[in-house]
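Tertiary structure, described
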Amino acid sequence: MSLYDRTYGTDWDDLDRESVIARAFALGVDEALGNPNPEERERLVETMGSAYDRSVVDLAYQEGLKKASNRTPTGETDERSVWRDLVDGDSDDPVDVPPDPTEGGRTSLPSALSSIEALERKAEDSRDSLQRPEFLDG
C-alpha cells in the first residue's frame, strides 16, 4: 500500500477545492517515490468544474512530483521522511496554491499590473499634463 493510500485513501465521493489540490500534490510526491496512480489523478482532475481549477490540480501534481524528485530517497533519507517533509507539513517548502479567481481570491494585482508612475495623476499642479514630458528633455 502506498503512502498516499495510507494517508488519504481513495474511497471518497466529493472533496472541496483545497483538499483536491493537497491530494494532487501528495499524489505527485507518491509517484516520484515509485507509486504511480493515474486513475486517482484523473479522478481528482475530473472533480474540478472549470478548466482553471483542473490546471491548478495538474500544477499541484507536477509540483509534488518535482519536489519529491529533487529529494529522491537515497541512503539515509527514506520514503517516509520525504513524504513527511513534503506532505505532512514538516517542510519549509510549502505548496503555493493560486487563489480561485471566480471566488474573488486575488487580493492584489500582479506586479506587472501594479501602478505605473506615468499614469498616476499629480495633485500639486493640474497643468503638468499639458507640459512637455521630462523624459523628452534628456
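Each remark here, short or long, concerns the structure printed above.
By the secondary structure assignment, Asp30 is in helix H2 (residues 17-32). For the buried residue Asp30, which engages in no salt bridge, the nearest side chain bearing the opposite charge is Arg6, 8.3 Å off. Non-local contacts of Asp30, meaning those with residues more than four positions away in its chain, are made with Ser2, Leu3, Tyr4, Asn35 and Trp83.

Here the structure, examined in full by the defined rule, presents 1 aromatic pair. Between Tyr4 and Tyr8, the aromatic rings sit 5.3 Å apart at their centres with planes inclined by 40°, giving tilted as the arrangement. Exposure remark for Tyr4: the relative accessible area of 1% places this residue in the buried category.

This part covers helix H5 (residues 79-86). Turning to H5, its buried residues number three or more, namely Ser81, Val82, Trp83 and Leu86. Elements that come into contact with the buried residues of H5 comprise helix H1 (3-7), H2 and helix H4 (51-69).

Quick look at the pattern of salt bridges now. Scanning all chains against the criterion turns up 6 salt bridges. With a shortest N-O distance of 3.0 Å, Asp53 and Arg17 are connected by a salt bridge. Within this pair, whereas Asp53 is found in helix H4, its partner Arg17 is found in helix H2, the two being separated by 36 residues in sequence. Residue Asp53 shares its accessibility class with Arg17, and that shared class is buried. Residue Lys66 pairs with Glu63 through a salt bridge whose shortest N-O separation is 3.7 Å. On the criterion of helical spacing, the pair formed by Lys66 and Glu63 is a turn pair, its members being 3 residues apart in helix H4. Members of the salt-bridge network, linked through shared partners, are Arg23, Glu40 and Arg43.

Reading the values: the criteria
- Residues numbered from 1 in each chain as written.
- Predicted model: local features only at pLDDT ≥ 70, side-chain atom pairs only at ≥ 80, totals over all residues.
- Heavy atoms only, no water.
- Helix = DSSP H or I, 4+ residues; strand = E, 2+ residues; numbered from the N terminus.
- Buried < 20%, exposed > 50% of the residue type's maximum accessible area, 1.4 Å probe, protein only.
- Lys, Arg positive; Asp, Glu negative; His and termini not counted.
- Salt bridge = Lys/Arg side-chain N within 4 Å of Asp/Glu carboxyl O.
- Contact = heavy atoms within 4.5 Å.
- Phe/Tyr/Trp six-rings, centres within 6.5 Å; stacked < 30°, edge-to-face > 60°.

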